[in-house]
Amino acid sequence: MSIKYCDQHKDCERQRLYRRFCAALAALVLLALLIVLIVWLVLRPSKPRFYLNNVDIVCINVSSSSSSLLTVTMQATVAARNPNERVGIFYDRADVYAEYRGLQATVATALPPIFQAKGGDATVWAPFLSGAGVPLPPYLAAALAQDETAGYLLLTIRVDGWIRFKAGAFITSHYHLRVRCPALLTVNDGQGSYGSNAGGGSGYFKFQRAAPCVVDL
């Protein structure tokens, strides 16, 4: 009986030690999470601000065959600013591309990874965006022709990537960055295909004005 009691006593001791270890580990995890939360609430990092400064259309063409294929080359100038006074931003990955009425018109172009320091640091990218032989549904081919004739063309420049915030030695996990920049262009100074420059060429598409972008995290 004494041996059995001793074994039970050892099992109880092991269980108590295990419970204490689990409680201590849980307390450390909660403490770490609390510290992170306090730091986050004190710093309150703001998401970056993006601006579309220019869109330069080099060429845009829709094939006149039975299946409409879009070929386009453009250069988009996008600026990003870090509005945080105490927090830096890592841009670990970012791709930019152009859309027309929900259709991706160019392939995604990767932007170089950068770190934006705190205190309003800004970065400007001017990547070339191109798409060759992009299938256009009939309704989009008709819409593009109508927009050109009307003299106005609305594109969307999108940035998709992953960022992290840095405050001192503390670095957050990744946040999914999604940016939408509306780009309004006039066609032949608003005259469209009715104007004197109906054949296209340099200056046929003109970007109207710099505009802020919508940023989601």
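Here's a quick rundown of the structure. (Residues numbered from 1 in each chain as written. Predicted model: local features only at pLDDT ≥ 70, side-chain atom pairs only at ≥ 80, totals over all residues. Heavy atoms only, no water.)

1. Looking at the overall build of the protein chain
Put simply, the rule is: Only DSSP runs of H or I covering at least 4 residues are called helices, and only runs of E covering at least 2 are called strands; the numbering of each starts at the N terminus. In this scheme, a residue with accessible area under 20% of its type's maximum is buried, one over 50% is exposed, and one in between is partly exposed, where area comes from a 1.4 Å probe on protein chains only. All accessible-area figures derive from a Shrake-Rupley calculation using a 1.4 Å probe, and residue coverage is judged against the displayed protein chains alone.
Scanning the protein chain from terminus to terminus reveals 2 helices and 14 strands. Counting the 217 residues in the protein chain, one finds 35% classified as buried. With the model as given, the accessible surface of the protein chain reaches about 12700 Å², and the carbon-plus-sulfur share is 60%.

2. A short note on the packing of aromatic side chains
Note on aromatic pairs: each is described by the distance of the centres and the angle between the planes. Operational definition: Geometry of aromatic contacts follows a simple scheme: Phe, Tyr and Trp rings, the Trp one being its six-membered ring, pair when their centres are within 6.5 Å, and the pair is stacked under 30 degrees between planes, edge-to-face over 60, tilted otherwise. Remark: a charge is flagged as sitting over a ring if the NZ atom of Lys or the CZ atom of Arg is within 6 Å of the ring centre and within 35 degrees of the ring normal.
Under the definition given, this model contains 6 aromatic pairs. Summarising the aromatic geometry, the rings of F165 and Y175 are spaced 5.6 Å apart at their centres and angled 75 degrees between planes, so their arrangement reads as edge-to-face. Placement of F165 in strand 9 (residues 152-167) and of Y175 in strand 11 (residues 175-187) is noted, with a sequence separation of 10 residues between them. Overall, F165 belongs to the buried group, its relative accessible area being 3%. Ring plane angle 85 degrees and centroid distance 5.0 Å describe the contact between Y204 and F205, whose orientation is recorded as edge-to-face. Accessibility classification places Y204 together with F205 in one group, the buried group. Three or more aromatic residues joined by ring pairs make a cluster, and in this case those are F50, Y91 and W125. Sitting over the ring of F90, R164 keeps its end group 4.9 Å from the ring centre.

3. A word on the pattern of salt bridges
As a reminder, the rule being used: The rule for a salt bridge is simple: a side-chain nitrogen of Lys or Arg has to be within 4 Å of a carboxyl oxygen of Asp or Glu.
Applying the stated criterion to the full structure yields 7 salt bridges. Note that E99 is salt-bridged to R158, the shortest N-O span being 2.9 Å. Taken together, the residues E99 in strand 3 (residues 88-100) and R158 in strand 9 connect sequence positions 59 residues apart.

4. Some words on the environment of T106
To keep things clear, this is the line we draw: Only heavy atoms enter the contact rule, under which two residues are in contact if any of them lie within 4.5 Å. Two N or O atoms count as a polar contact when they lie within 3.5 Å, although within protein this holds only if one can serve as hydrogen donor and the other as acceptor, and sequence-adjacent residues are included solely when both atoms are side-chain atoms.
Relative to the helices and strands, T106 is located in the loop between strand 4 (103-104) and strand 5 (109-111). T106 sits 23 residues away from L129 along the chain, and the two C-alpha atoms are 5.9 Å apart. Apart from the residues lying within four places of it in its own chain, the contact partners of T106 are V72, Y97, A98, L129, S130 and G131. Separated by 3.0 Å, the side chain of T106 and the backbone nitrogen of A98 make a polar contact.

5. Section: the state of the cysteines
Definition in use: Two cysteine sulfur atoms form a disulfide, by the criterion used here, when they sit within 2.5 Å.
Going through the model one piece at a time under the given rule, you end up with 1 disulfide. Disulfide pairing places C181 opposite C213 at an S-S distance of 2.0 Å. Taking the torsion about the sulfur-sulfur bond, which here is approximately 105 degrees, the covalent link between C181 and C213 counts as right-handed. Placement of the pair is C181 in strand 11 and C213 in the loop between strand 13 (211-212) and strand 14 (214-216), with a sequence separation of 32 residues. Each member of the pair C181 and C213 is classed as buried.

6. Quick word on the pairing of strand 11
Using the following cut-off: Only strands that DSSP links by at least two bridges are regarded as paired with each other.
Pairing geometry for strand 9 and strand 11, over 12 bridges, is antiparallel. Within the sheet, the bridge partner assigned to R158 lies in strand 11 and is R180. As judged from the 3 bridges shared by strand 11 and strand 14, these two strands associate in the antiparallel manner. The residue of strand 14 that forms the bridge with V179 is V215. Inspection of the sheet shows strand 11 paired to strand 12 (residues 205-207) by 3 bridges, in the antiparallel sense. Bridging across to strand 12, T186 finds its partner in K206.

7. Considering helix 2 (residues 138-150)
Note that an α-helix has 3.6 residues per turn; residues three or four places apart therefore point the same way. For clarity, the cut-off: Working rule for helices: expected span equals 1.5 Å times residues minus one.
Between its terminal C-alpha atoms helix 2 stretches 18 Å, which fits the 18 Å expected from 13 residues at 1.5 Å a residue. Buried-residue contacts for helix 2 involve strand 1 (49-62), strand 2 (69-81), strand 3, strand 4, strand 9 and strand 11. Following helix 2 by one or two positions, G151 adopts a phi angle in the positive range, close to 100 degrees.

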